[in-house]
Amino acid sequence: MQFMTKEWVEAYTSAWNNDDVIEKKLKRFSSVFKYVVSDRKDVAPIIVKIEKGVCVSYGTNEEFSDKEVEYVISADASDWRKVFDEETGAKEAMRLDGFEFKGPKLKALSNKGGLKRGVELMAEMKGVKV
């Protein structure tokens, strides 16, 4: 399946909503995330809305306003590939030079266990092409 497509985001949000770790660690967490492939203008960013740890909706820039987006996670295609090819773990991915994480750091740190699990879920998705 191709990264950043409707098929991918449906599979990702389904995995998120059925994960026991996320359910436990993010039960009070609400936010809106924007995922970006920074070096591919032909790949539209995907936005995912989380309410009390549950993915309640997703879409594109046209379906969400910039004011709604709290976090932006951006990387070039080769760094996203490292996540999907399991060359790098969730913690290491966020430290790569090519990864950008914008948003309230304190909120992210206080929810790091659940958010880390969200990135791990990406790595567990098999056959994702970037």
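Residues numbered from 1 in each chain as written. Predicted model: local features only at pLDDT ≥ 70, side-chain atom pairs only at ≥ 80, totals over all residues. Heavy atoms only, no water.

Participant: Whenever I open this one, the pairing of strand β4 (residues 71-75) confuses me. Can you help?
Facilitator: Across a regular strand the side chains alternate sides, sitting on one face of the sheet and then on the other. For β4, the tally of buried residues reaches four of five residues, placing the bulk of the element in the interior. Strand direction decides the pairing type here: strand β1 (residues 31-37) and β4, joined by five bridges, are parallel. When the sheet's bridge partners are listed, Val 36 is paired in β4 with Ser 74. The sheet contact formed by β4 and strand β5 (residues 100-102) spans three bridges and is antiparallel. (Buried < 20%, exposed > 50% of the residue type's maximum accessible area, 1.4 Å probe, protein only. Helix = DSSP H or I, 4+ residues; strand = E, 2+ residues; numbered from the N terminus. Pairing = 2+ DSSP bridges.)

Participant: What is the right way to read the sheet that holds strand β3 (residues 54-59) from this model?
Facilitator: Pairing between the strands of a sheet is mediated by backbone hydrogen bonds and can be parallel or antiparallel. Pairing in this open sheet of five strands is mixed, and the strands run β3-β2-β1-β4-β5 from one edge to the other. A single partner strand is all that each edge strand has here, and the edge strands are β3 and β5. Going from strand to strand, the sheet's axes swing by 20° on average, the running direction of each strand aside. (Axes fitted to C-alpha atoms, helices over the stretch in contact; angles between N-to-C directions.)

Participant: Teacher, can you tell me more about the pattern of salt bridges here?
Facilitator: Pairs can form between side chains of opposite charge once their charged atoms are near each other. In the structure shown here, the tally under the stated rule is ten salt bridges. The partner of Arg 117 in a salt bridge is Glu 120, with the nearest N and O atoms 3.5 Å apart. Of this pair, Arg 117 and Glu 120 both sit in helix α6 (residues 112-124), separated by three residues, roughly a single helical turn. Looking at Glu 120, the relative accessible area reads 26%, which means it is partly exposed. The salt bridge partner of Glu 124 is Arg 117, with a shortest N-O separation of 2.7 Å. (Salt bridge = Lys/Arg side-chain N within 4 Å of Asp/Glu carboxyl O.)

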